[in-house]
Amino acid sequence: MFVILLLYYFSIIPFAVFAGLYFMQYMAYAVLMIVYIRKRRKDRFVFKFRLPKEYKKILNYSFFSILAGAAFTLITKIDIQMIHAYLGQKEVTFYSYGIFFMSVLQIPKNSITSVARSVISRDFQKTSLSAFKEKYHRISFIYLISTLVIFLGIFICLDELMLILGDKFGSDEIKMVIIILAVGRVFESLFTPNTAVVAYSKYYKYDIV
């Protein structure tokens, strides 16, 4: 995915090719998954609908998961709406550019989370608390270091990034927004596994909070 973004960013490929490659990567994932399942010859797809024995617990968990996802979306959008209401459209624009740069800091989180959540889900139920805490600390450290490396890269090249944005948006205001949000994102990365720990425990309802 990152390679495709670079090719499009440097105008090596047009948008139509970018969109096609973006779609094809997910098709490739699906094909590889089907091949993997056929190789194992253990999993069988059954297209008969029947309620599981503990369907009430599953529905209850799914309901609170949906609410937690909605709460996350609301929190990530409400601050932009508040700035617009109290300050004006100009500040919203500055803040939106800051959010754009913060999406780069999400790259290691998104990559590591897909693996870490599976590990946490398994070990949280089967290992002792001391063994789990050790693995939890390792995962938190990996999150922190990977995010910190990208943050330092953005911070070192911040003046150059402002030149790319131009005089209108490459100002001291947007620079400070990026620095403040980036520091918060680095601090947040240290506690990223907490969400998975809460979600896979008996206290999953508190994930909304």
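Summary of the structure given here.

Calculation rules
Residues numbered from 1 in each chain as written. Predicted model: local features only at pLDDT ≥ 70, side-chain atom pairs only at ≥ 80, totals over all residues. Heavy atoms only, no water. Patch = residues over 30% accessible without salt bridge, like charges linked within 9 Å, V, L, I, M, F, W, Y side chains within 5 Å. Areas by Shrake-Rupley, 256 points an atom, 1.4 Å probe, with all protein chains shown as cover. Salt bridge = Lys/Arg side-chain N within 4 Å of Asp/Glu carboxyl O. Helix = DSSP H or I, 4+ residues; strand = E, 2+ residues; numbered from the N terminus. Expected span 1.5 Å × (residues − 1). Buried < 20%, exposed > 50% of the residue type's maximum accessible area, 1.4 Å probe, protein only. Phe/Tyr/Trp six-rings, centres within 6.5 Å; stacked < 30°, edge-to-face > 60°.

Glancing now at a nonpolar patch on the surface. On the surface, F2, L6, Y9, F10, I12, V104, I107 and I164 cluster together into a nonpolar patch covering about 840 Å² of accessible area. Ranked by residues supplied to the nonpolar patch, first place goes to helix α1 (residues 2-9) with three residues. The residue I164 is located in helix α6 (residues 158-165) in this model.

Time to look at helix α5 (residues 129-156). An ideal rise of 1.5 Å per residue puts 40 Å on 28 residues; α5 measures up with 40 Å between its terminal C-alpha atoms. Within the sequence span of α5, burial applies to F132, Y136, I139, S140, Y143, S146, T147, F151 and I154.

Before going further, it helps to spend a moment on the packing of aromatic side chains. Scanning all chains against the criterion turns up 10 aromatic pairs. Centre to centre, the rings of F63 and F64 are 5.5 Å apart; their planes meet at 80°, and the pair counts as edge-to-face. A relative accessible area of 48% means that F63 is categorised as partly exposed. By relative accessible area, which is 18% here, F64 ends up buried. In this structure an aromatic cluster arises from ring pairing among F15, F18, Y22, Y26 and Y29.

Moving on: the pattern of salt bridges. For the structure on display, the rule yields five salt bridges. The partner of D159 in a salt bridge is K175, with the nearest N and O atoms 2.8 Å apart. Here K175 lies in helix α7 (residues 172-189) and D159 lies in helix α6, a separation of 16 residues in the sequence. One salt bridge in this structure joins R185 and E188, with 2.9 Å as the shortest N-O distance. In this pair, R185 and E188 both sit in helix α7, three residues apart, roughly one turn of the helix. Using a relative accessible area of 22% as the deciding quantity, one classes R185 as partly exposed. Because the salt bridges share partners, they merge into one network encompassing R122, D123 and K135.

No statement about biological role is implied by the geometric values presented.
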